[in-house]
Amino acid sequence: MSIKVQNISKSYNKIKAVEAISFEVKEGELFGLIGPDGAGKTTIFRILTTLLLANEGTASVAGFDVVKEYKAIRNSVGYMPGKFSLYQDLTVEENLKFFATIFGTTIEENFDLIKDIYIQIEPFKARRAGALSGGMKQKLALCCALIHKPKVLFLDEPTTGVDPVSRKEFWQMLKRLQQKGITILVSTPYMDEAALCDRIALIQKGSILKIDSPENIIKKYDKIIYDIKAKNKHQLILDLKNYPSQYSVFAFGECIHYIDKNSVFNSTDLQNYLLEKKHMEIEISVSNPTIEDVFMDL
Amino acid sequence: MNKEKIIEVQNLTKQFGHFTAVNSISFDVYRGEIFGFLGANGAGKTTAMKMLIGISKPTSGEALVAGFDVKTNTEMVKRSIGYMSQKFSMYDDLTIKENITFFGGIYGLSKIQIKEKTERLVEELKLEEVIDKLVGSLPLGWKQKLSFSVALLHEPKIVFLDEPTGGVDPITRRQFWEMIYAEANKGTTIFVTTHYMDEAEYCDRVSIMVEGNIEALDTPKNLKSKYNVASMNDVFLKLARNAE
């Protein structure tokens, strides 16, 4: 096991950040912590990267204990925090050189690992890090986290606030790093990114709700979701919420996802109800559940 | 839909030295519309938005917001709009009540108006138990819903929302959009940026900026059929990829 977490709990002044969390990440696995802000994702990262002590429980990374062997862990992991933490007034090249030196290596020694990413920021290598765009900062931070060829890579919300194109590219980079044998623990609030991980833990309010592959999580979901469309979406949401047998009503892209309380559901009844409410262009069909649907129903 | 124009933009341009951040963009937004303003990081969205809310002077071109010129009448522009972003919403070390009073004062509301507004917000958002708590102690989702309401305190004609739902959990994100729908139904115009492409589908019309230009502007439905794809995410990927 590359990462082993057993019953880890952490509180800040009586506020429980994470409670009795356990999970394992295999070597070479791309594992996702999926949950909203405040779920406890960053606390888990800080404990595993030995920057924070847990109140209870044990954890190991790359075979080292996070308390007793913290120094060994620091040499074997790369960590990209959610907040940009490089030196703003050093240039791109200086930052990279600095991190290489600290870890007793050189840019040349592990250049292979960062080459794909570095060539994208190389044109700006003389620019101060503080003056880079968001996407460039993110790429530089990833290079700095990789320069000592870590066994395990920790990425805390690397794609928050990043546009869909750059997000897609970032995940392609992660896949390539994974192929080079690096174990990756990544967190994200974007539910659609969950599908790109080998396994995920759904986390909310300090507890893990589910751990499995994205495919299994969806496969095991037992409720039937209906896609409902009509011309006036706002009114449709309001009217569906007043439908007597409604279990949940949520906007999902261009449709409304509707779940009924009854296992035997008659779409004609609902159609007639909506017609009575003067809705136009009504469409009702069975939907394919997504990770986000499952998360919202936990 | 009501076709009364509330924002009119003509050849709006912003240059920083030799760099053109916004390149002669033109579009209209109608009253009561939910207008999605999308684009990749660095495409010029924030620069364009700053000009529309009267805090950055255009290099050339025209924009009327609620009928006021963003170059010459910034004070009236600011009075007519509400603004909320993920980065700045309210003061963490003031209580909810203090924040409402503070922003009400800034927006020029009278004491009586502030009192009435506070009472209404307490009722609508069910704040009885937390009204005297520090904003910093609230969960993010609450904060965002509250700061949306605060941005509407002075009943602006248009509200600008800059990535209002980043990092918020999926249920709260949807509750937030239900508040947006309700507000738009009252006739308030919503101008919103987001990186969640499912939220782009909730907009009446969306524009997509690529390298300082508006590359596409239409209803989500028309954009999907024009580019022959199934989702707004695919529309976005197609447009922004082609630019490279």
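Residues numbered from 1 in each chain as written. Chains lettered and ligands numbered in written order. Predicted model: local features only at pLDDT ≥ 70, side-chain atom pairs only at ≥ 80, totals over all residues. Heavy atoms only, no water.

**Observations concerning the pattern of salt bridges**
A full pass over the atoms with the stated rule returns 24 salt bridges over all chains. Among the ionic pairs, B:Glu199 bridges to B:Arg173, the shortest N-O distance being 3.0 Å. Residue B:Glu199 is located in helix α7 (residues 197-200), and its partner B:Arg173 is located in helix α6 (residues 170-185); the two are separated by 26 residues in the primary sequence. In this structure, B:Glu199 and B:Arg173 share a single accessibility class: buried. By sharing partners, the salt bridges in this structure join A:Glu292, B:Arg173, B:Arg174, B:Asp198 and B:Glu199 into a single network. (Salt bridge = Lys/Arg side-chain N within 4 Å of Asp/Glu carboxyl O. Helix = DSSP H or I, 4+ residues; strand = E, 2+ residues; numbered from the N terminus. Buried < 20%, exposed > 50% of the residue type's maximum accessible area, 1.4 Å probe, protein only.)

**Notes on the sheet that holds strand β4 (residues 56-61) of chain A**
Residue and element names in this part refer to chain A. The four strands are arranged β2-β1-β4-β5 in an open sheet whose pairing can be described as antiparallel. This sheet does not close on itself; its edge strands, each paired only once, are β2 (15-25) and β5 (64-65). When β4 meets β5, the two strands line up antiparallel, connected through two bridges. Bridging from a neighbouring strand, Val61 pairs with Phe64 of β5. (Pairing = 2+ DSSP bridges.)

**Overview of the UniProt feature "domain: ABC transporter" (unreviewed entry) in chain A**
The positions UniProt marks with the feature "domain: ABC transporter" (unreviewed entry) are residues 3-230 of chain A. Note that residues 3-230 of chain A is 32% helix and 28% strand, and that its end C-alpha atoms are spaced 48 Å apart. (UniProt positions renumbered as here; feature names shortened; annotations may be inferred.)

**Focus on the pairing of strand β1 (residues 3-12) of chain A**
All names here are of chain A. When β1 meets β4, the two strands line up antiparallel, connected through five bridges. Of the residues in β4, the one forming a bridge with Ser9 is Glu56. By the bridge criterion, seven bridges tie β1 to β2 in an arrangement that is antiparallel. Across the sheet, residue Tyr12 finds its bridge partner in β2, namely Ile15.

**Points about the packing of aromatic side chains**
Scanning the entire structure with this criterion turns up 23 aromatic pairs over all chains. Between the aromatic rings of A:Tyr87 and A:Phe98, the centroid separation amounts to 5.2 Å while the plane-to-plane angle is 75 degrees, which identifies the pairing as edge-to-face. Placement of A:Tyr87 in the loop between β6 (77-80) and α3 (92-102) and of A:Phe98 in helix α3 is noted, with a sequence separation of eleven residues between them. Using a relative accessible area of 41% as the deciding quantity, one classes A:Tyr87 as partly exposed. Look at A:Phe98 and you get partly exposed, because its relative accessible area is 31%. Measuring from ring centre to ring centre gives 5.3 Å for B:Phe148 and B:Phe176, while their planes differ by 50 degrees; the resulting arrangement is tilted. Of the two residues, B:Phe148 is situated in helix α5 (residues 140-151) and B:Phe176 in helix α6; the sequence distance between them amounts to 28 residues. Owing to a relative accessible area of 1%, B:Phe148 belongs among the buried residues under this scheme. A relative accessible area of 2% places B:Phe176 in the buried class. Chaining the aromatic ring pairs together yields one cluster made of A:Tyr226, A:Tyr243, A:Tyr258, A:Phe265 and A:Tyr273. (Phe/Tyr/Trp six-rings, centres within 6.5 Å; stacked < 30°, edge-to-face > 60°.)

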